[in-house]
Amino acid sequence: MAKATKVILKPGKEQSLLRFHPWIFSGAIQKIDGSPQEGDIVEVTGSNNDFLAVGHYQVGSIAVRVLSFVPCTRDQKFYNEKINLAYRLRVAIGLAESGHTNAYRLIHGEGDNLPGLIVDFYNGTAVVQMHSVGMFCDRKMIETALKEVYGSSLKAIYNKSEGTLPYKAGLEPENSYVYGRPESKEAMENGLLFHADWEKGQKTGFFVDQRDNRSLLERFSKNRSVLNMFCYTGGFSFYAMRGGAAQVHSVDSSERAIELTKTNVELNFPADPRHQAFAMDAFKYLEKAGSNYDLIILDPPAFAKHQNVLNNAIKGYRRLNAKAFEVIRPGGILFTFSCSQVVTKEMFRTMVFSAAAKAGRQVSILHQMSQPADHPVNIYHPEGEYLKGLVLHVV
Ligand code: SAH
């Protein structure tokens, strides 16, 4: 049962909650009635004592993450309903229960009205990442709800919250299977196979957020000479190969990523001489690349994780993009991305504009890309929109 701890806001601070923003910053709090532990459920009221929301309490700058704007109890039924709703959405958008894709995001935090929770599904294994103490405290209910929603198609649950929970909370979670064991670590995206390494890989093991953009790339690939920069697991590479690319070069500074890319390309196109992979720094590679490519993908890691490093990050993106503009063949296609949440769509476009101008190329925008429908953006929480990209024609 929810405790009756109340968080009372300062006068005027209820505005963002009335517009359904799901975070309450510690500075907005007037007083706390009771002494909640981290992860406890609290009721939030305005200075006039009117009910506003129910959420998970946490010590830190975000003091409450809202679970509901109507009075409710956080219990098994609550999680069953929320997770079922998210699942039904993934069915509706053609992901869950599809014959050609069995890897997708089931829960995208605020976008699925479950702030602090990420769940990716890979062919029978649910990989769970908790970013808030409250979600971690509720993990048993979340696991039960996942089993309830998936039934026998759920073979394993892997909790990977070691690196995502606030260190100071002292929860010391260990990444581990909390239910079953995977039958296979191979999953499928639009009919292409890949090995998902959620135990050792980055994030939950594979970047499912690029699925739609990889499909778009496939359509541009015919007879092109492709450079997949920052390839990680090689997603863009094997789509380009299916699209009929003449050759595909995959580059990543991590040896492990190059191994994963080779494994994944091999799974789909065994012994195909069109593919080669190089463990090398992207900037160094572009420096010596010459004009060998007419389709380049730039999907770097988030250069800016915080507002205070934004300027340097923009400079880094500009340098990278300018280099690609310099080397790409006339008539080439550039797929360029940023997954930094603090870099807005407008900043990104301005950066690409100045990189193109620096390289002195004529450039047109063909497509504006973003994150797919299994990474929904809560309209009241625009911070959830992080992935942006452009498909450019370079003359
Ligand atoms: N495009 C990938 C995801 C990229 S993640 C996909 O579709 O799944 C970012 C990748 O950039 C990581 O694999 C990381 O190892 C690599 N990376 C980071 N810094 C790099 C650098 N300076 N040069 C080359 N690769 C780098």
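For the structure, check the block above.
Criteria and cut-off values
- Residues numbered from 1 in each chain as written.
- Predicted model: local features only at pLDDT ≥ 70, side-chain atom pairs only at ≥ 80, totals over all residues.
- Heavy atoms only, no water.
- Near = heavy atom within 4 Å.
- Polar contact = N/O pair within 3.5 Å; in protein donor to acceptor, adjacent residues only side chain to side chain.
- Areas by Shrake-Rupley, 256 points an atom, 1.4 Å probe, with all protein chains shown as cover.
- Nonpolar A, V, L, I, M, F, W, Y, C, P; charged D, E, K, R; others polar.
- Buried < 20%, exposed > 50% of the residue type's maximum accessible area, 1.4 Å probe, protein only.
- Helix = DSSP H or I, 4+ residues; strand = E, 2+ residues; numbered from the N terminus.
- Pairing = 2+ DSSP bridges.
- Salt bridge = Lys/Arg side-chain N within 4 Å of Asp/Glu carboxyl O.

**Structural notes on the site of the ligand**
For step 1, the next point in the chain: Around the ligand lies a shell of 16 residues, among which F230, D252, D281, A282 and D299 are the nearest.
For step 2, the next point in the chain: One of the side-chain nitrogen or oxygen atoms of D281 is found 2.8 Å away from a nitrogen atom of the ligand.
For step 3, the next point in the chain: Between the ligand and the protein, one listed contact pairs a nitrogen atom with a side-chain N or O atom of D299 at 2.7 Å.
For step 4, the next point in the chain: When the ligand is considered free in solution it has 590 Å² of accessible area, and contact with the protein chains removes 87% of it.
For step 5, the next point in the chain: Across the shell around the ligand, the residue classes break down as 8 nonpolar, 4 polar and 4 charged.

**Some details on the pairing of strand β13 (residues 192–195)**
For step 1, the next point in the chain: Judged by which residues are buried, β13 turns out to be one-sided: L192 and F194 face inward and are buried, whereas L193 and H195, on the alternate face, are not.
For step 2, the next point in the chain: Pairing of strand β12 (residues 186–189) with β13 involves 4 bridges; the strand directions are antiparallel. Looking across to β13, one finds that E186 is bridged to H195.
For step 3, the next point in the chain: The turn linking β12 back onto β13 is made up of 2 residues, and N190 within it adopts a positive phi angle of 45°.

**Observations regarding the pattern of salt bridges**
For step 1, the next point in the chain: All told, the structure shown has 16 salt bridges when counted by the stated rule.
For step 2, the next point in the chain: With a closest N to O distance of 2.8 Å, K185 and E199 form a salt bridge. One end of the pair, K185, is in the loop between β11 (176–180) and β12; the other, E199, is in the loop between β13 and α5 (211–220), and 14 residues separate them in sequence.
For step 3, the next point in the chain: The partly exposed category is assigned to K185, whose relative accessible area is 22%.
For step 4, the next point in the chain: The residue R329 makes a salt bridge to D294 at a minimum N-O spacing of 3.8 Å.

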